[in-house]
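Observations on the model geometry
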Amino acid sequence: MADLQNSKPDMPSDDQVHTTELDLDIVSDTFRAFVDQAAFDSLIERWNQKLNALEPDATVLERHFSNAFFKQMDLAADSLDRLDAQVFEDPLERVVAEIAGPAVVISPDLRVASVNAEGEQSFGASQGTFLSLDCLSPESRVDFDTVLRAAKGQGNLGQAIVQILDRFTGEPAFRAEAFLLKASNQESHYIVIRSLELDWSPEVSATLSQAFDLTDAEIAVARQFFENCDLAAVAALRGVSVHTVRTQMKTILSKTGATSQAELVRLFSMVASRQMLRNRGLLTEWQDPLGREKILVTDSGRKIAWTWMGALDGRPAIFLRGMAMGYLLPESAEKLLKHAGITLFIPSRPGYGNSSLHEDLPVLEDNQVMLEEFLVGMGLKGCVGIGLSDGIIPLLAQQDKDPATFNALISVGFNGCLNRAAFRKLPVPQATLLRLAKTAPRLLDLIARIGQRMIARYGVDWYLDRAHASTPLDLQICRDPSTATLVRDACSHLVVQGTRTFVRDMQMFHAPVDGAIDRLAIPMLSMVPTEDGLFDIDEYRQLEARNSHVSVLPVPESADLLIYQQTDFIMDRIIEIVTTHHQPT
């Protein structure tokens, strides 16, 4: 990988630097973390110990490691490049990746949590959007509604065979199975809808024969049932009684271990899919769940992907998302914005989604230039700027460069630049990664790539459980299917182009915008969570004393993911400020 080749920076060699036992532990954990979750957690703790031991001289981190250490880090980076494609162990990703036909996973409120390429075409839905039940035939709606009630805890029939309609003609397109799926760390169920229209190749018959000792006659019955899902139809095709087919099916159920005909069909579809599937990797192209994304190409050649929420032609406001938070706001937010007649223009920051990343520029400058060119391209000036988490940082930089850019600013969540004293209270994982971002970004990139490998193997929940381990309110959001889908969208939006965006965003938390805060001459409201483990009202009062234009509003019963925890509270403040400071253009 180009970013990590020759990890040791160009500096005079220091042959006197010795490799310590802790250094060897870091090397060992780095390689073991390729496949071992516990080793990854240990790796973070080892780096925390190393950084603590080097304070206050950690700003020149590389000088404290031998050349041999950096050669091992380069070897680890090379090893990652050579590894084969990932095996999905995230249940939501795996359940759609392992099927060759259309497949989709939805939450009980019908929001799409995961979908494969065929599913996007057949169901007309992408990750984060809502699935229209118009895709089901009227007869199938009854069966599906039963499964839906079971997902909500109102019944116990968790599977059905349904007929999917062509979304353009309304004619029958294919049969599908609908069943419940529960992620290991969540309390509620998701609903999976997967096509059963798969080719039964000779290899499928051979696999069933070898794996379950099915006879040729039983394989023939299995195939005909898979293709028709009706015992009477199978009996007619074979010229025997339904009783005979039912007896044969009981034998097949017994040999395969399936507990029902629906489970048997699922087994057959899996075997058939494995014969049809080709290599399937991670998400390689971002798709806006709202279906509204447009690409603005500036005179400099920069690509800025953007979408919008709220009213179609309302009072404009700029909304910059933070790291892994807030790609898609809850549905209630859009309703409130529409009612208030406000349009949020939402550009994807550099490296997020389909926006281009410009590594020739420092991260803050890259973000500030993107914002400036977007505002010029859209003809926007004198509106309100809203930033989630570190999304406020480019807004402050742009306002400092051109004080006429915004009429007011709103910061939502912790971002570091408004309360640097809180850095010392961050949990070990976040604090360690932020310190590496400042002192050794290339080493952080290696850790991020290992983390991305873990996400590919175990799913986004692997990351979310670690990122929010210290905040129960956030874990609750991540484990509720109705909101977990929104968080997964934000994570996908961040990592679709690789790990460089993550590393650069971690660097931006250290961006020098203190002067911009001091010079700010427009109102800025900072809405901060009270249950994130960092909140100290006295520290924020110092911010208000530092600049009288800044006011701090504690958001009750909220943590890092406050935009999902107190949506109406936050949107009411945004609407109030946008309405108050709107200047017609």
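These remarks concern the structure in this document. (Residues numbered from 1 in each chain as written. Predicted model: local features only at pLDDT ≥ 70, side-chain atom pairs only at ≥ 80, totals over all residues. Heavy atoms only, no water.)

With respect to the side chain of Arg 349
Here is the rule we go by: Strands are runs of DSSP state E lasting at least 2 residues, helices are runs of H or I lasting at least 4, and numbering of each runs from the N terminus. Accessible area is worked out with a 1.4 Å probe on protein chains only. A residue is then buried under 20% of its type maximum, exposed over 50%, and partly exposed in between. In what follows, a contact means two residues having at least one pair of non-hydrogen atoms within 4.5 Å.
Relative to the helices and strands, Arg 349 is located in the loop between strand S9 (342–347) and helix H13 (363–378). Residue Arg 349 is classed as buried on the basis of its relative accessible area of 2%. Discounting residues that sit within four places of it in the chain, Arg 349 has contacts with Leu 320, Arg 321, Gly 322, Met 323, Ser 355, Asn 367, Met 370, Asp 390, Gly 391, Pro 394, Asp 505 and Met 508.

Remarks on the packing of helix H17 (residues 460–467) against helix H19 (residues 481–495)
This is how it is decided: Simply put, an axis is a line fit to the C-alpha atoms, just over the touching stretch for a helix, and the angle between two N-to-C directions goes from 0 to 180 degrees. Orientation is classified from the angle alone, with under 35 degrees giving roughly parallel, over 145 giving roughly antiparallel, 65 to 115 giving roughly perpendicular, and any other angle giving oblique. The classification used treats Ala, Val, Leu, Ile, Met, Phe, Trp, Tyr, Cys and Pro as nonpolar, Asp, Glu, Lys and Arg as charged, and all other residues, Gly among them, as polar.
Across the interface, H17 lies against H19 with an axial gap of 11 Å and an inter-helix angle of 100°. One finds that H17 runs roughly perpendicular with respect to H19. Residues Val 460, Asp 461, Tyr 463 and Leu 464 of H17 lie in contact with H19, whose contacting residues are Val 487, Arg 488 and Cys 491. Grouping the constituent residues of the contact of H17 with H19 by class yields 5 nonpolar, no polar and 2 charged.

What to know about the pattern of salt bridges
The following threshold applies: Here, a salt bridge means any Lys or Arg side-chain nitrogen found within 4 Å of an Asp or Glu carboxyl oxygen.
Within the structure shown, the criterion is met by 29 salt bridges. Linking Arg 424 and Glu 539 is a salt bridge whose minimum nitrogen-to-oxygen distance equals 3.2 Å. Separated by 115 residues along the polypeptide, Arg 424 in the loop between strand S11 (406–412) and helix H15 (428–439) and Glu 539 in helix H22 (residues 537–546) bring together distant segments of the chain. Here Glu 539 falls in the buried class, since its relative accessible area comes to 10%. Two residues, Arg 546 and Asp 518, come together in a salt bridge whose shortest N-O distance is 2.5 Å. Within this pair, whereas Arg 546 is found in helix H22, its partner Asp 518 is found in helix H21 (residues 514–519), the two being separated by 28 residues in sequence. The exposure class of Asp 518 is partly exposed, given its relative accessible area of 42%. Here the residues in one salt-bridge network are Asp 25, Asp 29, Arg 32, Asp 36 and Arg 46, joined through shared partners.

A word on the packing of helix H2 (residues 37–54) against helix H16 (residues 441–458)
Geometry of a packed helix pair, given as the angle between the helix axes and the separation of the axes. Test applied: Two helices crossing with the near one rotated counterclockwise from the far one by less than a right angle form a left-handed crossing, whereas a clockwise rotation gives a right-handed crossing.
Contact geometry for H2 and H16: axes closest at 11 Å, N-to-C directions at 155°. On the basis of their axis angle, the class for H2 and H16 is roughly antiparallel. Seen along the crossing, H2 lies across H16 with a hand that is left-handed. Counted together, Gln 37, Phe 40, Leu 43, Ile 44 and Trp 47 of H2 and Leu 443, Ile 447, Ile 450, Gly 451, Met 454 and Tyr 458 of H16 form the full contact between these two elements. Here the residues of the contact of H2 with H16 sort into 9 nonpolar, 2 polar and no charged.

Section: the packing of aromatic side chains
The cut-off we apply is this: In summary, the pairing rule links any two rings of Phe, Tyr or Trp, Trp by its six-membered ring, whose centres are within 6.5 Å, and it sorts them by plane angle into stacked for under 30 degrees, edge-to-face for over 60 and tilted for everything else. Our definition puts a charge over a ring when NZ of Lys or CZ of Arg is within 6 Å of the ring centre and also within 35 degrees of the ring normal.
One pass over the structure, following the stated rule, counts 13 aromatic pairs. Here the aromatic rings of Phe 40 and Trp 462 are separated by 4.9 Å at their centres, their planes lie at 70°, and the arrangement is edge-to-face. Within this pair, whereas Phe 40 is found in helix H2, its partner Trp 462 is found in helix H17, the two being separated by 422 residues in sequence. Judged by its relative accessible area of 9%, Phe 40 is buried. What makes Trp 462 buried here is its relative accessible area of 6%. Between the aromatic rings of Trp 306 and Phe 345, the centroid separation amounts to 5.9 Å while the plane-to-plane angle is 40°, which identifies the pairing as tilted. Taken as a pair, Trp 306 in strand S7 (residues 303–310) and Phe 345 in strand S9 lie far apart in primary sequence, 39 residues in all. Phe 345 gets classed as buried once you look at its relative accessible area, which sits at 15%. Among the aromatic residues, those joined into a ring-pair cluster are Trp 47, Phe 65, Phe 69 and Phe 70. Between Lys 50 and the ring centre of Phe 65, over which it is positioned, the NZ or CZ distance is 4.8 Å.

Topic: a negative patch on the surface
Our working rule: Note that patches include only residues with greater than 30% relative accessible area and no salt bridge, and the join distances are 9 Å for like charges and 5 Å for nonpolar side chains (Val, Leu, Ile, Met, Phe, Trp, Tyr). Note on areas: Shrake-Rupley with a 1.4 Å probe; residue coverage comes only from the protein chains shown. When charges are tallied, Lys and Arg are placed among the positive residues and Asp and Glu among the negative ones, while His and the ends of the chain are skipped. Lysine's charge is taken at NZ, arginine's at CZ, aspartate's at CG and glutamate's at CD.
A cluster of like negative charges, contributed by Asp 109, Glu 187, Glu 331 and Asp 480, occupies part of the molecular surface. Here Asp 109 shows up in the loop between strand S1 (103–106) and strand S2 (112–115). Residue classification places Asp 109 among the partly exposed residues on the basis of a relative accessible area of 33%.

Here's the deal with the sheet that holds strand S13 (residues 550–555)
Put simply, the rule is: Any two strands between which DSSP finds at least two bridges are classified as paired.
Spatially, 8 strands are ordered S6-S7-S9-S8-S10-S11-S12-S13 in an open sheet, and the strand pairing comes out mixed. In this open sheet, the two edge strands, each paired with only one partner strand, are strand S6 (294–297) and S13. Pairwise comparison of adjacent strand axes, ignoring direction, gives a mean angle of 25° for this sheet. Strand direction decides the pairing type here: S6 and S7, joined by 4 bridges, are antiparallel. The partner of Ile 295 across the bridge, within S7, is Ala 305. Packing against the sheet, helix H12 (residues 331–340) makes contact with S7, strand S8 (315–320) and S9, and its axis sits at approximately 75° to S7. Taken strand by strand, helix H24 (residues 567–581) contacts S8, S9, strand S10 (383–388), S11, strand S12 (524–529) and S13, and its axis lies near 170° from that of S11.

Brief notes about the nonpolar core
Nonpolar side chains in soluble globular proteins generally cluster together in the buried interior. Note the cut-off: Side-chain atoms within 4.5 Å are what join buried Ala, Val, Leu, Ile, Met, Phe, Trp, Tyr and Cys residues into a set we call a nonpolar core.
Among the nonpolar cores identified, the biggest contains 82 residues, and Trp 47, Ile 318, Leu 396, Phe 406, Leu 409 and Phe 502 are the most heavily contacted of them. If we ignore the near neighbours within four places in the chain, the residues touching Phe 406 are Ile 318, Leu 371, Leu 375, Cys 383, Val 384, Gly 385, Leu 395, Gln 398, Gln 399 and Ile 522. Judged by nonpolar contacts, the second largest core, of 42 residues, contains Ala 317, Ile 342, Ile 346 and Ile 386.

Observations concerning the pairing of S13
The condition is simple: Seen with the strands pointing away from the viewer, any crossover whose path from the first strand over the helix to the second strand runs clockwise is right-handed.
The sheet contact formed by S12 and S13 spans 6 bridges and is parallel. Looking at S13, one finds that Val 528 is bridged to Pro 554. Note that the unit made of S12, H22 and S13 has a crossover that is right-handed.

Considerations on H15
What counts, and what does not: To estimate how far a helix should extend, the number of its residues minus one is multiplied by 1.5 Å.
Given a rise of 1.5 Å per residue, 12 residues ought to cover 16 Å, and the 16 Å separating the end C-alpha atoms of H15 matches this to within 8%. For H15, the complete set of buried residues consists of Ala 431, Thr 432, Leu 433, Leu 434, Leu 436, Ala 437 and Thr 439. In the core, the buried residues of H15 are packed alongside H2, H16 and helix H20 (500–508).

Brief notes about the state of the cysteines
Applied cut-off: Pairs of cysteine sulfur atoms within 2.5 Å are what we label disulfides.
Counted by the stated rule, this structure contains 0 disulfides. Cys 229 takes part in no disulfide bond, and the closest cysteine sulfur, belonging to Cys 135, lies 17 Å away. On the accessibility criterion, Cys 229 (22% relative accessible area) is partly exposed. Of the cysteine sulfurs around Cys 417, a residue in no disulfide, the closest is that of Cys 383, at 19 Å.

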